[in-house]
Amino acid sequence: MKRREFLGMAVAGAGSILPGCGGGGGGSAGMPMVGSPIASGGAALTQGLPLKSLATLANAAPESGRFAASLVAAPAGLSLLEGRTTSLWLYNGLLPGPVVDVREGDRVRIAVENRLPLDTTVHWHGLPVPADQDGSPLDPVRPGSTRVYEFDLPSGTAGTYWYHPHAHQTTAQQVSMGLAAPFIVRAGDDPLAHLPEVTMLVTGIRLDANGQVSPGTAMDFTVGRQGEQLLVNGGRLPVHSVRPGSTQRWRILNATSARYLRLALDGHAFTLVGTDGGLLGAPVGPLSEVLVAPAQRVEIVVTASATPGARFTLRAQRHAIDTMGMGSYAAEDLLTLATTAESPVAPLVIPAALRPVASLGPAVARKRVTLTQSGMGMMAGAGSFLIDGRPFDMNRVDYVSTVGDVEDWEIVNQTMMDHPIHIHGTQFQLLSRGSGSFATPAPYAAWIDTVDVPSGTAATIRMRQDMPGKRMVHCHILEHEDEGMMAVLEVRPR
Ligand code: C2O
Ligand code: CU
Ligand code: CU
């Protein structure tokens, strides 16, 4: 089917996408409506099992201050549906992959063996690693080969990161097959060390009638992968049980391709304590909801209800990401918070000051990045979302910065969709949203590596790159990234 024809079938304003559109990828017959349960040959993913705590990647380094391990990216079969084996691509055979759990100051050395049938890389999303250790598309790891990544974790980097493949034009495919995992950096002086902690990695999966991961469709490559079931730590609608009244720190990672998570927990408020690059200066809240765009992370503190034996739903609420009603997401339940029958415990206190978010100082340069689309409206089809009107070319340099220079980047979204824009190599800060005299300053300082830029708006970030080399600037809707919504920033030595 031609894209034009295909897109012509969408009903503007329907608030969802049409089911059953056969896309370009094949095997997508019966693609369900966004937010509806996926029945695959009558069977749905098992739901309601206890929340899995993720496996940790074992440290093989004998001395302290070092982390050494290996990862194997390889095909693996898992039984996700009764009586069927789903073929996936996994790190060390795990869905999701193992958590890298390290400390500030550590020297990290991870060998990655590629047993996949195509090039891969491992990108350490959000971490300030040297450009040649960044796992960008410039540095593919060929099938059958092993690549060693090695980098230091400077002090001040404590936070919640993740790792995923970043191979040229196949990132969406590789992540949809199961390759993604958390990377947690801890500080020696963590002001929240007294709180019990839970990591929740949210991923999406879309299975066809044979229980296999369905390939990307034309619709996916236009508005981002649609119709996935959301998994938390690899499980559908898991149950997280806590003693009534208990206070916990949740690290939530959005590792979906395109699904914005506007999180809310029935009967509870969140306190936001951290973002992509770690803790805020002070807690923010209480909040009734928090938006986590694709690739972003939040750390929130939740104090569970004091009522024993109660159940509450954590859900991703309805969220529209385009002005045509095509890339809108219906509300979907993510996880059940269940209180045990035990007597309540007293809530724990969060300190009023967490970790200062240092000001970067005044900018010495400004850049403007324009998110564009080719063609008319959403009818332009796949590949229509670009940066400054140009598709990604890894042999071209789009922006030049100098090591140590503080820069303000105004990112202007002229397209009909929201885009979560990610920049490699460093954490940055949102300064304001809107333009000129209509700019609204960011309500608090926070370290982020991905900024959501809604359709028709602008966001200004302040950033300093501390290491030379070529860095990727891209939309983290993985289909957009693969289709060319990516640019190269060359950071030159001073
Ligand atoms: Cu998480 Cu360039 O990516
Ligand atoms: Cu990244
Ligand atoms: Cu995008």
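Owing to the predicted nature of the structure, the values given are computational and were not obtained by experimental measurement.

Asks: Please clarify how the coordination of the copper ion (ligand 2) should be interpreted in this entry.
Replies: Any two of four tetrahedral donors ideally make an angle of 109.5 degrees at the metal, while pairs among six octahedral donors ideally make 90 or 180 degrees. Only His 123 (NE2) and His 422 (NE2) from the protein coordinate the copper ion (ligand 2), and they sit 1.9 Å from it. Taken together, the positions of His 123 in strand β5 (residues 123-125) and His 422 in strand β27 (residues 419-423) put the pair 299 residues apart, joining distant regions of the chain. Take His 123 and His 422: they sit in the same class, and that class is buried.

Asks: For this particular structure, what's the right way to read the packing of aromatic side chains?
Replies: Counted under the stated rule, the structure contains 7 aromatic pairs. Ring geometry for Trp 124 against Tyr 149: centres 5.4 Å apart, planes inclined by 80 degrees, an arrangement best described as edge-to-face. With Trp 124 in strand β5 and Tyr 149 in strand β6 (residues 146-152), the pair connects residues that are 25 residues apart, well separated along the chain. Residue Trp 124 is classed as buried on the basis of its relative accessible area, which comes to 0%. Clustering of aromatic rings is evident, with ring pairs tying together Tyr 91, Trp 124, Tyr 149, Phe 151, Tyr 163 and Phe 183.

Asks: So what exactly am I meant to see when it comes to the environment of Ala 69 here?
Replies: Tracing the backbone through its elements, the reader meets Ala 69 in strand β1 (residues 66-81). Since its relative accessible area comes to 11%, Ala 69 is described here as buried. Expressed as a C-alpha distance, the spacing of Ala 69 and Val 148, which sit 79 residues apart in the sequence, is 9.8 Å. Residues within four places of Ala 69 in sequence aside, it is in contact with Leu 57, Ala 58, Arg 109, Ile 110 and Ala 111.

Rules used in this analysis
Residues numbered from 1 in each chain as written. Chains lettered and ligands numbered in written order. Predicted model: local features only at pLDDT ≥ 70, side-chain atom pairs only at ≥ 80, totals over all residues. Heavy atoms only, no water. Donors = N, O, S within 2.8 Å, 3.2 Å for Na, K, Ca; no water. Helix = DSSP H or I, 4+ residues; strand = E, 2+ residues; numbered from the N terminus. Buried < 20%, exposed > 50% of the residue type's maximum accessible area, 1.4 Å probe, protein only. Phe/Tyr/Trp six-rings, centres within 6.5 Å; stacked < 30°, edge-to-face > 60°. Contact = heavy atoms within 4.5 Å.

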